[in-house]
Amino acid sequence: MPLSPDHIIRYLNTESDIKIKSELIEILRKRIDKLCFEECQIDRIQCTLAGLCNRRHLLKLRIKSGLSIDDLPKFCYSVHKGVVERFFRNKTIIYRPYDAYLYLIDFLDVFFHGDYRKLNKFISFNKWEDVFEIFDDRIHNRDENFDYLKIDKYLIFKFEDRIHVAFLDENYVLCNANRENITSLELLNGICQLYAQIYFPEVKLTFIPSKHIEISLKVPYEILTKISQEPLDDNNSKVDQYFWNTFWEDLNALTQYCDQISLHEDINKNLEINLHINLLTNNYTEEGNKIRLRYRDLRLIFNFATRIYTEYYIIWI
């Protein structure tokens, strides 16, 4: 049986000799550098059309490791930045750059080109009022459609249905967040706040540090009284159709991603639905470990909250 990646992973996890592990890792590092600098970007057509690493993930390795642009294969990075920009402008692309990393200044250049130097300077000096003034001017006076939120050490943007997260301490941005894990409860709280202010502004959000974020939804008593006591037929009302057929399916699907779901009647006889979310899902790896929450997992939660809020709450208050 030939050597497999699992063999190497297990070996690195169990080998006690640090020198031997270091030698093996050094072999890997040299191979990565050779692949990037000597085999891939040296052939610019190949690098542009079919880079030798899937979706240029070796750029992500270098950027997330804190390396500067001088330590990157520069042509490869320029192609990568161009793909992100073309995707943003809805132009033809070879692949969709989900979970793509750019340095902060390059992200600002792509998404806020005319103001990117000023923005980079203001962010560097923590002049947030000046930063927000530029963003708000673009939204209100230049008809640019995006939302943003600054929270803790993150600056979160939403362009259409795409989320971008600037990690301010690290000076890089995760563009088109999708399959990446959400790295902190503070960031998760910020994303929830951003979506809440856009889609369900009156829904109560509670952030309990080191534990979870709680989303509290309500279905008014007036709605509950319109639900039939038992299912009837296909001619039932929209309320009946949802709460008899779809509501429980939605809750069951949410159990994959919510740490806890609770339903109870409040003092006004409204139905209160509490969703607790943390950084772990209720799905498991083959090794029996919980899978971490990803950006894409939040869609189901936010879609549910938006539906309850817009269809069964806001029109009744």
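The notes below deal with the structure included here. Note that the structure is a prediction, hence the values are computed from the model and not measured. (Residues numbered from 1 in each chain as written. Predicted model: local features only at pLDDT ≥ 70, side-chain atom pairs only at ≥ 80, totals over all residues. Heavy atoms only, no water.)

## Description of a nonpolar patch on the surface
So, step 1. A cluster of nonpolar side chains, Ile-45, Leu-49 and Ile-94, forms an exposed patch at the surface whose accessible area comes to about 330 Å².
So, step 2. Structurally, Leu-49 is set in helix α3 (residues 44-49). (Patch = residues over 30% accessible without salt bridge, like charges linked within 9 Å, V, L, I, M, F, W, Y side chains within 5 Å. Areas by Shrake-Rupley, 256 points an atom, 1.4 Å probe, with all protein chains shown as cover. Salt bridge = Lys/Arg side-chain N within 4 Å of Asp/Glu carboxyl O. Helix = DSSP H or I, 4+ residues; strand = E, 2+ residues; numbered from the N terminus.)

## Re the environment of Ser-22
So, step 1. One can find Ser-22 in helix α2 (residues 18-40).
So, step 2. Placed 121 residues apart in sequence, Ser-22 and Asp-143 show a C-alpha to C-alpha distance of 54 Å.

## Looking at the packing of helix α11 (residues 238-254) against helix α12 (residues 298-312)
So, step 1. Relative to each other, α11 and α12 sit at 155°, their axes nearing to 11 Å. By the criterion of interaxial angle, the relationship of α11 to α12 is roughly antiparallel. The two elements α11 and α12 meet at a crossing, and its hand is left-handed. Of α12, the residues touching α11 (which contributes Lys-238, Val-239, Tyr-242, Phe-243, Thr-246, Phe-247, Asp-250, Leu-251, Ala-253 and Leu-254) are Leu-300, Ile-301, Phe-304, Arg-307, Ile-308, Glu-311 and Tyr-312.
So, step 2. Tallied by class, residues from the contact of α11 with α12 come to twelve nonpolar, one polar and four charged. (Axes fitted to C-alpha atoms, helices over the stretch in contact; angles between N-to-C directions. Parallel < 35°, antiparallel > 145°, perpendicular 65-115°, else oblique. Left-handed = near helix turned anticlockwise from the far one by under 90°. Contact = heavy atoms within 4.5 Å. Nonpolar A, V, L, I, M, F, W, Y, C, P; charged D, E, K, R; others polar.)

## Examining the sheet that holds strand β6 (residues 204-208)
So, step 1. Spatially, the four strands line up as an open sheet ordered β6-β7-β9-β8, and their pairing is antiparallel. With partners counted over all chains shown, the strands left at the sheet margins are β6 and β8 (260-265), one partner each. Each neighbouring strand pair of the sheet contributes to a mean axis angle of 20°, computed without reference to strand direction.
So, step 2. The pairing of strand β7 (residues 212-219) with strand β9 (residues 271-277) spans seven bridges and is classified as antiparallel. Paired with Ile-215 across the bridge in β9 is Leu-275.
So, step 3. Strands β6, β7 and β9 of the sheet are contacted by helix α9 (residues 185-199), whose axis makes an angle of about 170° with β6.
So, step 4. Across the face of the sheet, α11 comes into contact with β7, β8 and β9 while running at roughly 140° to β8. (Pairing = 2+ DSSP bridges.)

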